[in-house]
Amino acid sequence: MTKGSEKQIVVVTGASSGFGEMTAYALADAGHTVYASMRGTSGHNADKVSAAKDYAIKNKVDLRVIEIDVVDEASVAAGIDQIFDEAGRLDVIVHNAGHMSFGPAEAFTPEQMAQLYNINVLSTQRVMRSALPRMRTQGRGLVVWVSSSSARGGTPPFLSPYFAAKAGMDSLAVSYASELARWGIETSIMVPGAFTTGTNHFAHAGQPDDQAVTDAYLSGLYEDVPARALDGLRSLEPADADPSAVAQGIVEIVNAPFGKRPFRVHVDPSHDGSEVVSGVADRVRAEMFRRIGLEDLLSPIEQASS
(Lines give C-alpha, C1' and ligand atoms only; values in the text may rest on other atoms or scores of the structure.)
Protein backbone atom coordinates (compact mmCIF):
# COMPACT_ATOMS: atom_id res chain seq x y z
CA MET A 1 0.00 0.00 0.00
CA THR A 2 1.36 3.42 -0.88
CA LYS A 3 2.32 5.85 1.85
CA GLY A 4 -0.69 7.75 3.13
CA SER A 5 -3.29 5.43 1.59
CA GLU A 6 -5.88 3.69 3.76
CA LYS A 7 -6.97 0.10 3.75
CA GLN A 8 -10.26 -0.15 1.88
CA ILE A 9 -13.02 -2.75 1.81
CA VAL A 10 -13.55 -3.42 -1.89
CA VAL A 11 -15.93 -5.49 -3.99
CA VAL A 12 -15.02 -6.29 -7.59
CA THR A 13 -17.78 -7.68 -9.79
CA GLY A 14 -17.06 -10.19 -12.54
CA ALA A 15 -13.79 -11.18 -10.88
CA SER A 16 -13.54 -14.73 -12.21
CA SER A 17 -11.37 -13.70 -15.16
CA GLY A 18 -9.93 -10.84 -17.19
CA PHE A 19 -9.72 -7.31 -15.82
CA GLY A 20 -11.83 -8.25 -12.80
CA GLU A 21 -9.58 -11.09 -11.69
CA MET A 22 -6.44 -9.02 -12.28
CA THR A 23 -7.92 -6.09 -10.37
CA ALA A 24 -9.00 -8.17 -7.38
CA TYR A 25 -5.53 -9.68 -7.00
CA ALA A 26 -3.78 -6.35 -7.54
CA LEU A 27 -5.91 -4.58 -4.94
CA ALA A 28 -5.29 -7.38 -2.44
CA ASP A 29 -1.55 -7.12 -3.14
CA ALA A 30 -1.86 -3.38 -2.43
CA GLY A 31 -3.10 -4.14 1.09
CA HIS A 32 -6.87 -3.85 0.74
CA THR A 33 -9.57 -6.28 1.79
CA VAL A 34 -10.99 -7.49 -1.50
CA TYR A 35 -14.20 -9.39 -2.18
CA ALA A 36 -13.77 -10.96 -5.62
CA SER A 37 -17.36 -11.56 -6.68
CA MET A 38 -18.46 -14.11 -9.24
CA ARG A 39 -21.18 -16.64 -9.89
CA GLY A 40 -20.79 -20.39 -9.68
CA THR A 41 -18.42 -20.41 -6.71
CA SER A 42 -19.47 -23.96 -5.84
CA GLY A 43 -19.71 -25.00 -9.49
CA HIS A 44 -17.84 -23.95 -12.62
CA ASN A 45 -15.78 -21.33 -10.75
CA ALA A 46 -14.85 -23.54 -7.79
CA ASP A 47 -11.26 -23.63 -9.06
CA LYS A 48 -11.14 -19.83 -8.93
CA VAL A 49 -12.23 -19.94 -5.27
CA SER A 50 -9.52 -22.45 -4.45
CA ALA A 51 -6.85 -20.49 -6.33
CA ALA A 52 -7.79 -17.25 -4.53
CA LYS A 53 -7.65 -18.93 -1.11
CA ASP A 54 -4.25 -20.41 -1.89
CA TYR A 55 -2.98 -17.06 -3.15
CA ALA A 56 -4.23 -15.25 -0.05
CA ILE A 57 -2.48 -17.70 2.28
CA LYS A 58 0.75 -17.82 0.32
CA ASN A 59 1.00 -14.04 -0.10
CA LYS A 60 -0.57 -13.06 3.24
CA VAL A 61 -3.22 -10.86 1.62
CA ASP A 62 -6.93 -10.42 2.34
CA LEU A 63 -8.52 -11.78 -0.83
CA ARG A 64 -11.97 -13.31 -0.43
CA VAL A 65 -14.26 -14.82 -3.05
CA ILE A 66 -17.97 -14.11 -2.74
CA GLU A 67 -20.95 -15.44 -4.68
CA ILE A 68 -22.70 -12.70 -6.64
CA ASP A 69 -24.59 -13.25 -9.87
CA VAL A 70 -25.02 -9.68 -11.09
CA VAL A 71 -28.14 -10.51 -13.14
CA ASP A 72 -29.92 -11.89 -10.05
CA GLU A 73 -31.18 -9.24 -7.63
CA ALA A 74 -31.43 -11.65 -4.70
CA SER A 75 -27.88 -12.85 -5.27
CA VAL A 76 -26.57 -9.28 -5.40
CA ALA A 77 -28.42 -8.33 -2.20
CA ALA A 78 -27.16 -11.42 -0.36
CA GLY A 79 -23.57 -10.79 -1.45
CA ILE A 80 -23.57 -7.13 -0.47
CA ASP A 81 -25.21 -8.00 2.86
CA GLN A 82 -22.47 -10.54 3.51
CA ILE A 83 -19.78 -7.92 2.96
CA PHE A 84 -21.37 -5.49 5.41
CA ASP A 85 -21.95 -8.29 7.93
CA GLU A 86 -18.32 -9.43 7.77
CA ALA A 87 -16.46 -6.18 7.26
CA GLY A 88 -18.87 -3.68 8.79
CA ARG A 89 -18.62 -1.36 5.82
CA LEU A 90 -17.98 -1.15 2.08
CA ASP A 91 -15.63 1.54 0.80
CA VAL A 92 -15.18 0.78 -2.89
CA ILE A 93 -17.31 -0.77 -5.62
CA VAL A 94 -15.56 -1.79 -8.84
CA HIS A 95 -18.16 -2.34 -11.57
CA ASN A 96 -16.35 -4.72 -13.88
CA ALA A 97 -18.85 -7.46 -14.79
CA GLY A 98 -19.63 -7.49 -18.49
CA HIS A 99 -19.94 -9.57 -21.62
CA MET A 100 -19.00 -8.95 -25.24
CA SER A 101 -20.75 -9.96 -28.47
CA PHE A 102 -19.64 -10.05 -32.09
CA GLY A 103 -21.75 -10.13 -35.24
CA PRO A 104 -24.03 -8.02 -37.45
CA ALA A 105 -26.34 -5.85 -35.34
CA GLU A 106 -29.42 -6.93 -37.28
CA ALA A 107 -28.76 -10.59 -36.46
CA PHE A 108 -29.08 -10.10 -32.69
CA THR A 109 -32.59 -10.62 -31.38
CA PRO A 110 -34.10 -7.98 -29.09
CA GLU A 111 -33.94 -10.59 -26.32
CA GLN A 112 -30.21 -10.99 -26.86
CA MET A 113 -29.68 -7.25 -26.73
CA ALA A 114 -31.73 -7.07 -23.54
CA GLN A 115 -29.53 -9.77 -22.03
CA LEU A 116 -26.38 -7.82 -22.91
CA TYR A 117 -27.84 -4.67 -21.35
CA ASN A 118 -28.78 -6.74 -18.31
CA ILE A 119 -25.20 -7.93 -17.82
CA ASN A 120 -23.38 -4.72 -18.74
CA VAL A 121 -25.74 -2.01 -17.45
CA LEU A 122 -28.56 -3.24 -15.21
CA SER A 123 -26.11 -5.28 -13.17
CA THR A 124 -24.52 -2.06 -11.93
CA GLN A 125 -27.90 -0.71 -10.85
CA ARG A 126 -28.58 -3.82 -8.78
CA VAL A 127 -25.27 -3.42 -6.96
CA MET A 128 -25.79 0.32 -6.44
CA ARG A 129 -29.28 -0.05 -5.03
CA SER A 130 -28.09 -2.71 -2.62
CA ALA A 131 -24.92 -0.98 -1.45
CA LEU A 132 -25.59 2.76 -1.61
CA PRO A 133 -28.09 3.15 1.25
CA ARG A 134 -25.38 2.02 3.67
CA MET A 135 -22.48 3.65 1.85
CA ARG A 136 -24.25 7.00 1.96
CA THR A 137 -24.39 6.82 5.78
CA GLN A 138 -20.63 6.33 5.84
CA GLY A 139 -20.07 9.80 4.36
CA ARG A 140 -17.29 8.56 2.10
CA GLY A 141 -16.87 6.00 -0.65
CA LEU A 142 -15.69 5.34 -4.18
CA VAL A 143 -17.34 3.80 -7.23
CA VAL A 144 -15.05 2.70 -10.07
CA TRP A 145 -16.77 1.95 -13.36
CA VAL A 146 -14.87 -0.16 -15.91
CA SER A 147 -16.09 1.37 -19.14
CA SER A 148 -14.63 0.91 -22.63
CA SER A 149 -12.97 3.12 -25.19
CA SER A 150 -15.73 1.88 -27.53
CA ALA A 151 -18.20 4.15 -25.71
CA ARG A 152 -16.67 7.16 -27.48
CA GLY A 153 -13.67 6.07 -29.55
CA GLY A 154 -13.27 4.52 -32.95
CA THR A 155 -15.80 1.71 -33.18
CA PRO A 156 -15.30 -1.03 -35.80
CA PRO A 157 -18.38 -2.83 -37.13
CA PHE A 158 -20.02 -5.99 -35.76
CA LEU A 159 -19.59 -5.07 -32.09
CA SER A 160 -22.59 -2.78 -31.81
CA PRO A 161 -24.63 -4.49 -29.02
CA TYR A 162 -21.61 -4.46 -26.72
CA PHE A 163 -20.63 -0.93 -27.72
CA ALA A 164 -24.16 0.32 -27.07
CA ALA A 165 -24.31 -1.36 -23.68
CA LYS A 166 -20.94 0.05 -22.63
CA ALA A 167 -21.99 3.52 -23.76
CA GLY A 168 -25.10 3.16 -21.62
CA MET A 169 -23.03 2.11 -18.63
CA ASP A 170 -20.63 5.02 -19.13
CA SER A 171 -23.52 7.47 -19.31
CA LEU A 172 -25.00 6.02 -16.12
CA ALA A 173 -21.64 6.44 -14.39
CA VAL A 174 -21.49 10.12 -15.38
CA SER A 175 -25.01 10.73 -14.04
CA TYR A 176 -24.33 8.92 -10.78
CA ALA A 177 -21.18 10.98 -10.22
CA SER A 178 -23.05 14.21 -9.58
CA GLU A 179 -25.84 12.53 -7.62
CA LEU A 180 -23.37 10.96 -5.18
CA ALA A 181 -20.97 13.89 -4.74
CA ARG A 182 -22.79 15.47 -1.78
CA TRP A 183 -22.87 12.10 -0.05
CA GLY A 184 -19.06 12.02 -0.16
CA ILE A 185 -18.97 9.20 -2.69
CA GLU A 186 -16.45 9.67 -5.48
CA THR A 187 -16.68 8.42 -9.06
CA SER A 188 -13.81 7.29 -11.27
CA ILE A 189 -14.32 5.83 -14.74
CA MET A 190 -11.62 3.47 -15.98
CA VAL A 191 -11.57 3.31 -19.78
CA PRO A 192 -9.63 0.35 -21.20
CA GLY A 193 -8.87 0.15 -24.88
CA ALA A 194 -9.37 -2.94 -27.03
CA PHE A 195 -6.97 -5.45 -25.49
CA THR A 196 -7.34 -8.32 -27.93
CA THR A 197 -5.02 -10.65 -26.00
CA GLY A 198 -4.40 -11.30 -22.33
CA THR A 199 -8.08 -11.64 -21.43
CA ASN A 200 -10.89 -13.94 -22.62
CA HIS A 201 -13.05 -10.96 -23.61
CA PHE A 202 -12.90 -11.55 -27.36
CA ALA A 203 -12.54 -15.34 -27.14
CA HIS A 204 -15.80 -15.69 -25.18
CA ALA A 205 -17.79 -13.13 -27.18
CA GLY A 206 -21.43 -14.02 -27.79
CA GLN A 207 -22.79 -14.64 -31.29
CA PRO A 208 -26.11 -13.52 -32.81
CA ASP A 209 -29.01 -15.98 -32.72
CA ASP A 210 -30.40 -15.19 -36.17
CA GLN A 211 -28.18 -17.30 -38.37
CA ALA A 212 -30.07 -16.46 -41.57
CA VAL A 213 -29.36 -12.76 -41.17
CA THR A 214 -25.78 -13.49 -40.18
CA ASP A 215 -25.32 -15.55 -43.33
CA ALA A 216 -26.82 -12.81 -45.48
CA TYR A 217 -24.09 -10.45 -44.29
CA LEU A 218 -21.16 -12.86 -44.14
CA SER A 219 -21.79 -14.68 -47.40
CA GLY A 220 -22.00 -11.51 -49.44
CA LEU A 221 -21.06 -7.87 -49.22
CA TYR A 222 -19.67 -8.08 -45.65
CA GLU A 223 -17.84 -11.38 -45.95
CA ASP A 224 -14.47 -9.73 -45.34
CA VAL A 225 -15.51 -7.57 -42.41
CA PRO A 226 -15.07 -9.90 -39.38
CA ALA A 227 -11.45 -10.78 -40.17
CA ARG A 228 -10.53 -7.25 -41.20
CA ALA A 229 -12.17 -5.73 -38.10
CA LEU A 230 -10.45 -8.08 -35.64
CA ASP A 231 -7.14 -8.14 -37.48
CA GLY A 232 -7.28 -4.36 -37.69
CA LEU A 233 -7.80 -4.03 -33.94
CA ARG A 234 -4.88 -6.37 -33.31
CA SER A 235 -2.65 -4.40 -35.64
CA LEU A 236 -3.29 -1.21 -33.67
CA GLU A 237 -2.27 -2.85 -30.42
CA PRO A 238 1.44 -2.59 -29.53
CA ALA A 239 3.24 -5.87 -28.97
CA ASP A 240 3.87 -4.99 -25.33
CA ALA A 241 0.24 -4.07 -24.53
CA ASP A 242 -0.48 -5.50 -21.08
CA PRO A 243 -4.06 -5.70 -19.74
CA SER A 244 -2.72 -5.78 -16.20
CA ALA A 245 -2.09 -2.04 -16.66
CA VAL A 246 -5.86 -1.61 -16.26
CA ALA A 247 -5.75 -3.35 -12.89
CA GLN A 248 -2.78 -1.27 -11.78
CA GLY A 249 -4.62 1.87 -12.90
CA ILE A 250 -7.55 0.94 -10.66
CA VAL A 251 -5.16 0.33 -7.76
CA GLU A 252 -3.77 3.84 -8.25
CA ILE A 253 -7.30 5.26 -8.21
CA VAL A 254 -8.22 3.44 -5.00
CA ASN A 255 -4.93 4.41 -3.34
CA ALA A 256 -5.29 8.10 -4.19
CA PRO A 257 -6.44 10.44 -1.39
CA PHE A 258 -10.09 11.37 -1.07
CA GLY A 259 -10.93 14.29 -3.36
CA LYS A 260 -7.87 13.66 -5.55
CA ARG A 261 -9.10 10.71 -7.55
CA PRO A 262 -9.41 11.31 -11.29
CA PHE A 263 -12.85 11.37 -12.86
CA ARG A 264 -11.70 9.39 -15.90
CA VAL A 265 -8.57 7.37 -16.65
CA HIS A 266 -7.73 5.91 -20.07
CA VAL A 267 -5.54 2.84 -20.51
CA ASP A 268 -5.59 2.47 -24.28
CA PRO A 269 -2.35 1.38 -25.98
CA SER A 270 -4.09 1.60 -29.38
CA HIS A 271 -5.08 5.26 -28.93
CA ASP A 272 -8.42 4.92 -30.70
CA GLY A 273 -9.50 8.51 -30.01
CA SER A 274 -11.71 7.88 -26.99
CA GLU A 275 -9.57 10.05 -24.72
CA VAL A 276 -10.01 13.05 -27.02
CA VAL A 277 -13.78 12.69 -27.33
CA SER A 278 -14.29 11.97 -23.63
CA GLY A 279 -12.14 14.94 -22.72
CA VAL A 280 -14.43 17.25 -24.70
CA ALA A 281 -17.60 15.64 -23.31
CA ASP A 282 -16.39 15.86 -19.71
CA ARG A 283 -15.42 19.52 -20.13
CA VAL A 284 -18.84 20.31 -21.63
CA ARG A 285 -20.49 18.58 -18.66
CA ALA A 286 -18.43 20.59 -16.18
CA GLU A 287 -19.23 23.85 -17.94
CA MET A 288 -22.95 23.01 -17.97
CA PHE A 289 -22.91 22.42 -14.21
CA ARG A 290 -21.22 25.77 -13.68
CA ARG A 291 -23.79 27.54 -15.87
CA ILE A 292 -26.73 26.08 -13.94
CA GLY A 293 -25.24 26.79 -10.53
CA LEU A 294 -24.43 23.21 -9.52
CA GLU A 295 -20.65 23.37 -9.72
CA ASP A 296 -20.33 21.81 -6.27
CA LEU A 297 -21.61 18.51 -7.70
CA LEU A 298 -18.42 18.16 -9.75
CA SER A 299 -16.39 17.25 -6.65
CA PRO A 300 -17.19 14.97 -3.70
CA ILE A 301 -17.86 16.51 -0.32
CA GLU A 302 -16.81 14.36 2.62
CA GLN A 303 -19.59 13.92 5.13
CA ALA A 304 -19.41 13.12 8.80
CA SER A 305 -20.37 9.49 9.41
CA SER A 306 -23.76 9.05 11.03
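One structure accompanies this document, and this report is about it. From a predicted model like this one, the values you see are computed outputs, not experimental measurements.

### Examining helix 9 (residues 274-291)
Then comes step 1: In this model helix 9 runs 26 Å from its N-terminal to its C-terminal C-alpha over 18 residues, within 8% of the 26 Å that 1.5 Å per residue would give.
Then comes step 2: Listed in full, the buried residues belonging to helix 9 are Ser-274, Ser-278, Asp-282, Arg-285, Ala-286 and Phe-289. Projected down its long axis, helix 9 shows its buried positions confined to an angular sector of 95°, all on one face. Within helix 9, the exposed residues directed more than 90 degrees away from the buried face are Val-276, Arg-283, Val-284 and Arg-291.
Then comes step 3: Tucked into the core, helix 9 has its buried residues touching helix 5 (160-180), strand 6 (185-192) and strand 7 (264-267).
Then comes step 4: One or two steps after helix 9, the chain reaches Gly-293, where phi turns positive at roughly 80°.

### Focus: unusual backbone geometry
Then comes step 1: For Lys-60, which is not glycine, the phi dihedral falls at a positive 55°.
Then comes step 2: The residue Lys-60 is located in the loop between helix 2 (46-59) and strand 3 (63-67) in this model.
Then comes step 3: Taking the relative accessible area as the measure of exposure, Lys-60 reaches 76% and is therefore exposed.
Then comes step 4: Positive phi, normally seen in glycine, also occurs at Phe-158, with a value near 75°.
Then comes step 5: Along the chain, Phe-158 turns up in the loop between strand 5 (141-146) and helix 5.
Then comes step 6: Overall, Phe-158 belongs to the buried group, its relative accessible area being 8%.

### So, the nonpolar core
Then comes step 1: With 31 residues, the main nonpolar core has Val-12, Leu-27, Leu-63, Val-94, Val-144 and Ile-250 as its most contacted residues.
Then comes step 2: Mapped by element, the contributors of at least two residues to this core are strand 1 (9-12), helix 1 (18-29), strand 2 (33-38), helix 2, strand 4 (92-95), strand 5 and helix 8 (244-255).
Then comes step 3: What Val-94 contacts, discounting residues up to four positions off in sequence, is Val-10, Val-11, Val-12, Thr-13, Leu-27, Val-144, Val-146 and Ile-250.
Then comes step 4: Ranked by size, the runner-up nonpolar core spans 30 residues in total, among them Phe-84, Ile-93, Val-174 and Val-191.

### A closer look at the sheet that holds strand 6
By definition, the strands of a sheet pair up through backbone hydrogen bonds, in either a parallel or an antiparallel sense.
Then comes step 1: The strand order 3-2-1-4-5-6-7 describes an open sheet built from seven strands, whose pairing is parallel. Two strands lie at the open edges of the sheet, namely strand 3 and strand 7, each paired on one side alone. For this sheet, the mean inter-axis angle between neighbouring strands, taken without regard to orientation, is 20°.
Then comes step 2: In the sheet, strand 5 pairs with strand 6 via six bridges, with the strands oriented parallel. Residue pairing in the sheet places Trp-145 in a bridge with Ile-189 of strand 6.

Rules behind the numbers
- Residue indices begin from 1 for each chain and proceed along its sequence in written order.
- Selection of residues for local features in this predicted model requires a pLDDT of at least 70, selection of side-chain atom pairs for listing and counting requires 80 or more, and totals for whole chains, interfaces and linings are taken over all residues.
- For side-chain calculations, the full set of non-hydrogen atoms in the structure is used, while hydrogens and water are omitted.
- Note on conventions: DSSP H or I runs of at least 4 residues are helices, E runs of at least 2 residues are strands, and numbering of each starts at the N terminus.
- One fewer than the residue count of a helix, multiplied by 1.5 Å, yields its expected span.
- Exposed residues in this analysis have more than 50% of their type's maximum accessible area, buried residues have under 20%, and partly exposed residues fall in between, with area computed by a 1.4 Å probe over protein chains only.
- Along the arc lie the directions from the helix axis toward the C-beta atoms.
- Contacts were defined at the residue level, with two residues in contact if any of their heavy atoms lie within 4.5 Å.
- To qualify as a nonpolar core, a set must consist of buried Ala, Val, Leu, Ile, Met, Phe, Trp, Tyr and Cys residues joined through side-chain atoms within 4.5 Å.
- Any two strands with at least two DSSP-identified bridges between them are counted as paired.
- Orientation is described by lines fitted to C-alpha atoms, with helices fitted over the stretch in contact, and by angles between N-to-C directions that extend from 0 to 180 degrees.

Interpretation in functional terms is not warranted from these geometric data alone.
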